[in-house]
Amino acid sequence: MSDLQADLERIKKFSKDLGAIHTEFTQESNPADGYGTQELGSRTVVDAFGDFSSNWKIHRERLTDELKILRDLSAAAAENFEAIDKALADALRGEDKKNSKPRTPQGPR
């Protein structure tokens, strides 16, 4: 018999938190957008922000894809653990009922 235990509430919260992070990454604009020499004071800094912006967009898209995958996997894990737990509980209840029925003596055959 396995002693496997899963904290379903923690797994569900993990999935929900990943969903919130995914939403933030997909809805937030690039932090480097909208800044020019007026705000940053130097064309060199503006160019560096531009480079950062391009890299950030690529990496943010990758991160959002990975966050979505992790969110979906953790949600599925919680659902599957719950389904297995229910199936095992139902099976045990069925066995308990079967074993608690009074046995009738059988006559000669």
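Below you will find a few notes about this structure. Predicted, not measured: the structure shown is a model, and the values here were computed from it.

**Concerning the packing of aromatic side chains**
How two aromatic rings sit relative to each other is set out by the distance from centre to centre and by the angle between their planes.
1) Next: Overall, the coordinates contain 2 aromatic pairs when judged by the stated rule.
2) Next: Judged by centre distance (6.1 Å) and plane angle (5°), the rings of Phe-52 and Trp-56 are stacked. A residue pair is termed a helical-turn pair when its members lie 3 or 4 positions apart in one helix, as Phe-52 and Trp-56 do in helix α3 (residues 43–100) at 4 residues.
3) Next: A relative accessible area of 40% places Phe-52 in the partly exposed class.
4) Next: Through pairs of rings, three or more aromatic residues link up here, namely Phe-25, Phe-52 and Trp-56.

**As for the environment of Thr-26**
1) Next: Mapped onto the elements of the fold, Thr-26 is located in helix α1 (residues 8–27).
2) Next: For Thr-26, a relative accessible area of 45% corresponds to the partly exposed category.
3) Next: At 3.0 Å, the side chain of Thr-26 forms a polar contact with the backbone oxygen of Thr-23.

**Some points on α1**
Along an α-helix, residues three or four apart share an orientation, since each turn contains 3.6 residues.
1) Next: Taking 1.5 Å per residue, 20 residues should reach 28 Å; α1 reaches 28 Å between its end C-alpha atoms and fits that length.
2) Next: Taken residue by residue, α1 has Ser-15, Leu-18, Gly-19 and His-22 as its buried positions. Summarising the axial view, the buried residues of α1 lie within an arc of 105°, below the 170-degree limit, and thus occupy one face. Exposed residues lying more than 90 degrees from the buried face of α1 are Glu-9, Arg-10, Lys-13, Lys-16 and Gln-27.
3) Next: Those residues of α1 hidden inside the fold are in contact with α3.

**A closer look at the pattern of salt bridges**
1) Next: According to the stated counting rule, one finds 8 salt bridges in the structure shown.
2) Next: Between Lys-12 and Glu-9 there is a salt bridge whose closest N-O contact spans 3.9 Å. Here the residue Lys-12 and the residue Glu-9 both occupy positions in helix α1, the gap between them amounting to 3 residues, near one helical turn.
3) Next: In this structure Glu-9 comes out as exposed when scored by relative accessible area, which is 56%.
4) Next: Salt bridges linked by common partners bring Glu-9, Lys-12 and Glu-82 together as one network.

Quick notes on the rules
Residues numbered from 1 in each chain as written. Predicted model: local features only at pLDDT ≥ 70, side-chain atom pairs only at ≥ 80, totals over all residues. Heavy atoms only, no water. Phe/Tyr/Trp six-rings, centres within 6.5 Å; stacked < 30°, edge-to-face > 60°. Helix = DSSP H or I, 4+ residues; strand = E, 2+ residues; numbered from the N terminus. Buried < 20%, exposed > 50% of the residue type's maximum accessible area, 1.4 Å probe, protein only. Polar contact = N/O pair within 3.5 Å; in protein donor to acceptor, adjacent residues only side chain to side chain. Expected span 1.5 Å × (residues − 1). Arc of directions from axis to C-beta. Contact = heavy atoms within 4.5 Å. Salt bridge = Lys/Arg side-chain N within 4 Å of Asp/Glu carboxyl O.

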